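These are the residues of each chain, in order.
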Amino acid sequence: LIGLKHASLTAMAEGYKKFQDFDWSDERWQTYLQGLYPQPNHRQVLKFKKKWYKKTIDPEFDDTFEPPSASPNASGPSTQSRAGSSAGPPLGDDGSRWSTMRSKATICMIAYSTAMTMSAGAFAGALPAYQAQLLLVGSFVLEILAKYGLKFNQEYLQSIVLDDVGPMPIMALTVLTPGLHQTVRILALVPPFITAVLSFARICKFHATLPAFIRKFFSPLAEISARYRAMQARADVEVGLGFVIVGGVFMGRAAPICALLFWNFMMMRYMMSAWTQASFRKIDGVLSPILGKIPGINRLYDMLKRGLYSFVDPQARQSGGAHAPSSENLQFSGAARNCSDGVG
């Protein structure tokens, strides 16, 4: 009996290892995840993954098995998938990195503190916003170099893009174009500033040579729950900034190239970030009940949603935009799957 139990546990552990190694950029999983509404939080997404994996990939997979080292809280929304949304390696991975990169961590910490101080001055109107933006970009680049070095291969680029700070230099460069009004430049500082605060807090928490009171002071901002709330707030600001830039173009406060570059960045952001997807769902949740009751306008709104979604839908992009999702899909019919899976 002991031998059978040991063999059973070994088989379950091997199955769980295959589950962990599964390529979560799989289009079937991404489509399923994007259809879920409301978006599962970091405590729920692992349950969804297990049930989907058992139903779609391996019927023999034991979705109740929990290895001793597994923790549901270590898994975030699609930020942990290779194509996922957001954002990079699992949020707990960088802790061990910063604890061993003492000199590099110190340099990054100084760079972030300088950039955040400059940003605070820009928010107060005392310093130029574009200089603060440049300092933030430099800080992000330093962190990327500290964690990944400098290489030229696909795996390296993928790691950078999936890192939380990886896309931020791209976003910052889109708002450094000439002709942008000072108020818009200051608003554009908010997303990179939030990212800088999150990185700074995590460095402080795991920096081995810092005084204990400093590590303890910044530790709450490095917790997963706090990071997730900040990431959602950052996504909301990014989406709002996009609409502000478009309005600035019509008012002569922003150059058209700025809006074009920024919304190209947001297309990439939407495809990779669960937080950005949730922000757009909030907007749809506000507009749909209102516009859906107006004859004629409701059809125009559905057409607009389908047209916009075709830019970020993988199937539509591969087929040249010929297969835009139906309005039912854009109403997030995954809510029905949410109920049928029984995951709260």
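Residues numbered from 1 in each chain as written. Predicted model: local features only at pLDDT ≥ 70, side-chain atom pairs only at ≥ 80, totals over all residues. Heavy atoms only, no water.

1. A look at the overall build of the protein
The criterion, for reference: Comment: elements are numbered from the N terminus, with helices defined as DSSP H or I runs of at least four residues and strands as E runs of at least two. Throughout, exposure labels follow a simple rule: accessible area from a 1.4 Å probe, protein chains only, divided by the maximum for the residue type, with under 20% read as buried, over 50% as exposed, and the rest as partly exposed. With residues, only the protein chains shown are counted as cover, and all accessible areas are computed by Shrake-Rupley using a 1.4 Å probe.
What the protein contains, in helices and strands, is 18 helices and 0 strands. Relative to its full complement of 344 residues, the protein shows a buried share of 44%. Carbon and sulfur atoms provide 65% of the accessible area of the protein, an area that totals close to 17300 Å².

2. Thoughts on helix 6 (residues 129–148)
We apply this condition: Any helix carries an expected span of 1.5 Å times its number of residues minus one.
Taking 1.5 Å of rise per residue, the 20 residues of helix 6 would be expected to cover 28 Å, and the 29 Å separating its terminal C-alpha atoms lies within 8% of that figure. Within the sequence span of helix 6, burial applies to Ala129, Ala132, Gln133, Leu136, Val137, Ser139, Phe140, Glu143, Ile144, Ala146, Lys147 and Tyr148. In the stretch just after helix 6, Gly149 is the one whose phi turns positive, near 75°.

3. Remarks on a nonpolar patch on the surface
Note the cut-off: Patches in this entry comprise residues that are over 30% relatively accessible and not in a salt bridge; like charges within 9 Å are linked, as are nonpolar side chains (Val, Leu, Ile, Met, Phe, Trp, Tyr) within 5 Å. For salt bridges, the criterion is a side-chain nitrogen of Lys or Arg within 4 Å of an Asp or Glu carboxyl oxygen.
Residues Val141, Leu145, Leu150 and Phe152 make up a contiguous nonpolar surface patch of about 450 Å² in total accessible area. Tracing the backbone through its elements, the reader meets Phe152 in the loop between helix 6 and helix 7 (154–162).

4. Examining the nonpolar core
Keep this limit in mind: As used in this record, nonpolar core signifies buried Ala, Val, Leu, Ile, Met, Phe, Trp, Tyr and Cys residues forming a set joined through side-chain atoms within 4.5 Å. We call two residues in contact whenever any of their non-hydrogen atoms come within 4.5 Å of each other.
One finds Tyr112, Phe140, Phe200, Ile203, Ile245 and Phe262 to be the most contacted residues of the largest nonpolar core, which totals 43 residues. Listed by contribution, the elements that provide at least two residues to this core are helix 5 (102–123), helix 6, helix 7, helix 8 (168–174), helix 9 (182–188), helix 10 (190–206), helix 12 (224–250) and helix 13 (256–272). Broken down by element, the residue count for this core peaks at 8 residues, all from helix 5. If sequence neighbours within four positions are ignored, Phe262 has contacts with Met171, Thr174, Val175, Glu238, Leu241, Gly242 and Ile245. Grouped together as the second largest cluster of nonpolar side chains are 15 residues, Tyr16, Tyr32, Leu33 and Tyr53 included.

5. Topic: helix 15 (residues 297–309)
This is how the line gets drawn: As used here, the arc belongs to the directions running from the helix axis to the C-beta atoms.
Here helix 15 is 13 residues long and its end C-alpha atoms lie 18 Å apart, about the 18 Å a rise of 1.5 Å per residue gives. Tyr301, Lys305 and Tyr309 are the residues of helix 15 that are buried. Looking straight down helix 15, one finds its buried side chains confined to an arc of 65°; they lie on one side. What points out from helix 15, more than 90 degrees from its buried face, is the exposed set Arg299 and Leu300.

6. Concerning the packing of aromatic side chains
Operational definition: Two rings from Phe, Tyr or Trp (for Trp, the six-membered ring) form a pair when their centres are within 6.5 Å of each other. A pair whose planes differ by under 30 degrees is stacked, one over 60 is edge-to-face, and the rest are tilted.
In total, this model carries 20 aromatic pairs according to the counting rule given. Put simply, the rings of Tyr16, Phe19, Phe22, Trp29, Tyr32, Trp52, Tyr53 and Phe61 touch in pairs and so form one group of aromatic residues.

7. With respect to the side chain of Lys147
As a reminder, the rule being used: Nitrogen and oxygen atoms within 3.5 Å of one another constitute a polar contact, given that in protein one can donate a hydrogen and the other can accept it, and given that sequence-neighbouring residues count only through two side-chain atoms.
The topology assignment puts Lys147 in helix 6. Here Glu143 takes part through its side chain, which lies 2.9 Å from a polar atom of the side chain of Lys147. Within the structure, the side chain of Lys147 is placed 2.7 Å from the side chain of Asp163, a separation counted as a polar contact.

8. Here we look at the environment of Ser103
Considering the arrangement of structural elements, one finds Ser103 in helix 5. Expressed as a C-alpha distance, the spacing of Ser103 and His207, which sit 104 residues apart in the sequence, is 9.7 Å.

9. Overview of the pattern of salt bridges
Tallied over the full model, the rule gives 10 salt bridges. With a shortest N-O distance of 4.0 Å, Arg227 and Asp164 are connected by a salt bridge. Taken together, the positions of Arg227 in helix 12 and Asp164 in the loop between helix 7 and helix 8 put the pair 63 residues apart, joining distant regions of the chain. Asp164 carries the same exposure label as Arg227, and that label is buried. Of the charged contacts in the structure, one is a salt bridge between Asp236 and Lys282, with a shortest N-O distance of 3.0 Å. Here Lys282 lies in helix 14 (residues 274–291) and Asp236 lies in helix 12, a separation of 46 residues in the sequence. Looking at Lys282, the relative accessible area reads 43%, which means it is partly exposed. If you follow the salt bridges from partner to partner, you end up with Glu143, Lys147 and Asp163 in one network.

10. A look at the confidence of the model for the protein
To be explicit about the condition: The predictor reports its confidence for every residue as pLDDT, a score running from 0 up to 100.
Looking at the protein, pLDDT values average 79 and 77% of them are 70 or higher. Note that pLDDT drops below 50 for residues 1–5; the model gives that stretch 0 contacts with residues more than four away or on any other chain. The low-confidence segment residues 69–94, where pLDDT is below 50, has 83 contacts with residues more than four positions distant or belonging to other chains.

11. Here we look at the packing of helix 5 against helix 6
For the record, the criterion: For helices, the fitted axis covers only the stretch in contact; all axes are lines through C-alpha atoms, and the angles between them, taken along N-to-C directions, range from 0 to 180 degrees. Here the angle decides the label: under 35 degrees means roughly parallel, over 145 means roughly antiparallel, 65 to 115 means roughly perpendicular, and every other value means oblique. The handedness criterion is simple: a crossing whose near helix is rotated anticlockwise from the far helix by less than a right angle is left-handed, and one whose near helix is rotated clockwise is right-handed.
Remark: helix 5 packs on helix 6, axes separated minimally by 8 Å, with the N-to-C direction vectors making an angle of 165°. If you check the angle between helix 5 and helix 6, you find them roughly antiparallel. Here helix 5 and helix 6 pass one another in a crossing that is left-handed. Here Lys104, Ile107, Cys108, Ala111, Tyr112, Thr114, Ala115, Met118, Ser119 and Ala122 of helix 5 come into contact with helix 6, specifically with Ala129, Gln131, Ala132, Leu135, Leu136, Ser139, Phe140, Leu142, Glu143 and Ala146.

12. Observations concerning the packing of helix 10 against helix 12
Note the cut-off: Polar here means any residue other than Ala, Val, Leu, Ile, Met, Phe, Trp, Tyr, Cys and Pro, which are nonpolar, and Asp, Glu, Lys and Arg, which are charged; Gly is therefore polar.
As a packed pair, helix 10 and helix 12 sit with axes 9 Å apart at the nearest point and diverge in direction by 165°. One way to sum up the angle between helix 10 and helix 12 is to call them roughly antiparallel. Here the hand of the crossing between helix 10 and helix 12 comes out left-handed. Note on element contacts: helix 12 touches helix 10 through Arg227, Ala230, Met231, Arg234, Val237 and Glu238, opposite Val190, Pro191, Ile194, Thr195, Leu198 and Arg202. Classifying every residue of the contact of helix 10 with helix 12 by side-chain character gives 7 nonpolar, 1 polar and 4 charged.

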